[in-house]
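Coordinates in review
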Amino acid sequence: MHRGRGADSDMLQWRDTSLIPPVPSVFMSDPRLGIFMTQCQSAHTPLDPFAVICLFVCSVLVAVPLMASLYVALVKWKSQRGVTPSPNTPLTSGPSRYGSVLSNGSPARQPDSGSSDNVASDTDGKTSEDCSTKSRILSCLEALSLQGSCAGVLSAGRSARADSYSSLNGIRILSLLWIISGHTVQLSAWNNLDNDKQWRADVEMNPLYVLAFSGPVYLAVDTFLLLGGLLSAKSLLALIQRSEDKLNPGLVARFLLKRFKRVQPLHLFMVCLAVGLFSVVQRGAFWFIADDMVLNCKKYWWSNLLLVNNLFTITDICAPWTWYLSIDFQFYVTTPILIAVYRWNKKVLVAVSVILMVMSCLAGALLTAILHLPVHQPTTLSYESYFQYYYNKPYTRYGPYLVGILAGIYITSKSGHFVRHRWQAALGWLSSLSVMVILVGLAYSLREVPLSPSLPHALYQGLHRTLWAMAVAWIILACEEGYGGFVDRFLSMSEWIPLSNISFACYLIHPILIILYNGKQETPIHYTDLNFFYLFLGHTALTLCLGYVLTVLIEKPFLFLKGSRGRAT
């Protein structure tokens, strides 16, 4: 029975004897098969108040843009039916009221000059104020409407700015696909495989499975952290430049608040959607991951609201994949500090950066040596301490984000080219690709977890994420300086742009689809390469479709609403 379900276990036990008989050997005639756990299937799903609240929040967040869209459509329809003045229609001579008529069809009287000027001035002032209020309301409704949010989402038009970092679009989408592929296998390997032993035997020794939960643990996440650090530095430096080159507490507060408001609407919607959906859908035979998530969200939903859920143990996280949003925001807070140090003294920034990077690498190395943590993905499934103390903690994952901040500062403020000769570019590409290959290969060489502290494991764990980020940073820099070649042309293709626009929603929705699919299975999934390739394609296709819907329905309306208010005021 599944741990944490004490009531169910008691029902199937008499004193110390389990009522579930041993599994006959005929069910496991293949030595590569194994039984993970069993669970009774429930025919009825109780709906508690927390689930009702979550469903209500989702309904409101969906209804507001839809109602705004309907209102905007009606306003535009009425404006297109405006009355066109004919030659027989009496018109006023006032330029501000030209063509207006009263409700009974008689012409509006032109006020006398002289004594009526004050009355006309007061009327115009009130009219102007009313129009301004209506304009602000209409502007907000247009920002919330689908007419506004749909525009440009699927556009593949390139930015005219020279600092658009077009290669980031391809890197972001390739990393997202890597994560979807890994989660497709990982979430199934946790509970749904009927040939778990065969799966481990296939993937543990073969680097070709690095894109399907094998080898290093989610290096794509470190790529996301690198991109986050780079873009945060670029964004803050641009904001400082627009604010007369001043970095003050008010600007920093706006910088952080903008990020918080950018992430939270869709993030909280996804949490409520997951809780509501998993509470109303009939439970399947493999529903325990969904059950655990709902229970955790009931207790620790506030940690998602405050973006601190990554600080909790892995068994207490609500919507576990959202830990990335929390750690990204925590690192985002450090960007203004490092930018302030950079503006004060560049040498001090170098010293501070070295200290922070060494501390982050040292933390990962020490934890690996003391707790005997694994470095190979299939092995991590058996080590809860890996996810509890290392994987999602800020003190072990800051290295890639710091590399991104430094890369963003350099690319934004550089006056010349970092690479001046072709041999330098060739050396950089050779070094970058060699580092990537070595990092992937070493994970397979170190797949066995030692019983005593291991220096190779500790060094690898402490360094591999930062080194990976440095290798990817070189690719970005080479592409920006014209030494990317066909790699730059591939990563900068315009086809990546619409996918990049919906990538945030895709990242948040894809685990829900995978958990829902796995949980509703009536029998365990049999792992083969073809089966999981088709699963990956199916999950990706649904993720992209729903990612677009959620982008235009939830993410973009609230993002555009901020800009609309700013323009209106």
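Notes on the structure follow. Computed from a predicted model, the values in this text were never measured in an experiment.

So, the overall build of the chain
Helix and strand counts for the chain stand at 20 helices and two strands. Classification of the 569 residues of the chain by burial places 45% in the buried group. Carbon and sulfur atoms form 65% of the exposed surface of the chain, whose accessible area is close to 29,300 Å².

Description of unusual backbone geometry
Here the phi dihedral of glutamate 244 falls at roughly 60 degrees; this positive angle occurs in a residue that is not glycine. With respect to the helices and strands, glutamate 244 occurs in the loop between helix H7 (219-242) and helix H8 (249-280). A positive phi angle is found at leucine 307, which is not glycine, with a value near 60 degrees. Of note, leucine 307 is situated in the loop between helix H9 (288-305) and helix H10 (323-344).

A look at the environment of serine 214
Inspection of the secondary structure puts serine 214 in the loop between helix H6 (196-203) and H7. The spacing of serine 214 and valine 185 is 29 residues in sequence and 9.6 Å in space, taken between C-alpha atoms. Ignoring any residue separated from it by four or fewer positions in sequence, one finds serine 214 in contact with Val203, Asn206, Tyr209, His376, Gln377, Pro378 and Tyr444. Polar side-chain contacts of serine 214 include one of 2.8 Å to the side chain of tyrosine 444.

Quick notes on helix H16 (residues 455-480)
In this model, H16 (26 residues) spans 37 Å end to end at C-alpha, consistent with the 38 Å of a helix rising 1.5 Å per residue. Of all the bends in H16, the greatest measures close to 40 degrees and is centred on leucine 463. Of all 26 residues that make up H16, 19 are buried, and the element is covered over most of its length. Phi turns positive one or two residues past the end of H16, at glycine 482, with a value near 85 degrees.

Describing the nonpolar core
Grouped together as the largest cluster of nonpolar side chains are 132 residues, with contacts concentrated most on Trp199, Leu266, Phe278, Tyr324, Tyr391 and Ile476. Discounting residues that sit within four places of it in the chain, tryptophan 199 has contacts with Val185, Ala189, Leu193, Phe213, Pro378, Leu381 and Tyr527.

What to know about the state of the cysteines
Throughout the structure, instances matching the rule amount to one disulfide. The side chain of cysteine 297 participates in a disulfide bridge whose partner is cysteine 318; the two sulfur atoms lie 2.0 Å from each other. Between cysteine 297 and cysteine 318, the S-S dihedral sits near 85 degrees, and the bridge is therefore right-handed. Residue cysteine 297 is located in helix H9, and its partner cysteine 318 is located in the loop between H9 and H10; the two are separated by 21 residues in the primary sequence. An identical accessibility class is assigned to cysteine 297 and cysteine 318; each is buried. Free of any disulfide, cysteine 506 has its nearest neighbouring cysteine sulfur in cysteine 545, separated by 9.2 Å. Classification of cysteine 506 by relative accessible area gives buried; the value is 1%.

What counts, and at which threshold
Residues numbered from 1 in each chain as written. Predicted model: local features only at pLDDT ≥ 70, side-chain atom pairs only at ≥ 80, totals over all residues. Heavy atoms only, no water. Helix = DSSP H or I, 4+ residues; strand = E, 2+ residues; numbered from the N terminus. Buried < 20%, exposed > 50% of the residue type's maximum accessible area, 1.4 Å probe, protein only. Areas by Shrake-Rupley, 256 points an atom, 1.4 Å probe, with all protein chains shown as cover. Contact = heavy atoms within 4.5 Å. Polar contact = N/O pair within 3.5 Å; in protein donor to acceptor, adjacent residues only side chain to side chain. Expected span 1.5 Å × (residues − 1). Bend = angle between axes of the 7 residues up to and from the residue. Core = buried A, V, L, I, M, F, W, Y, C linked by side-chain atoms within 4.5 Å. Disulfide = S-S within 2.5 Å.

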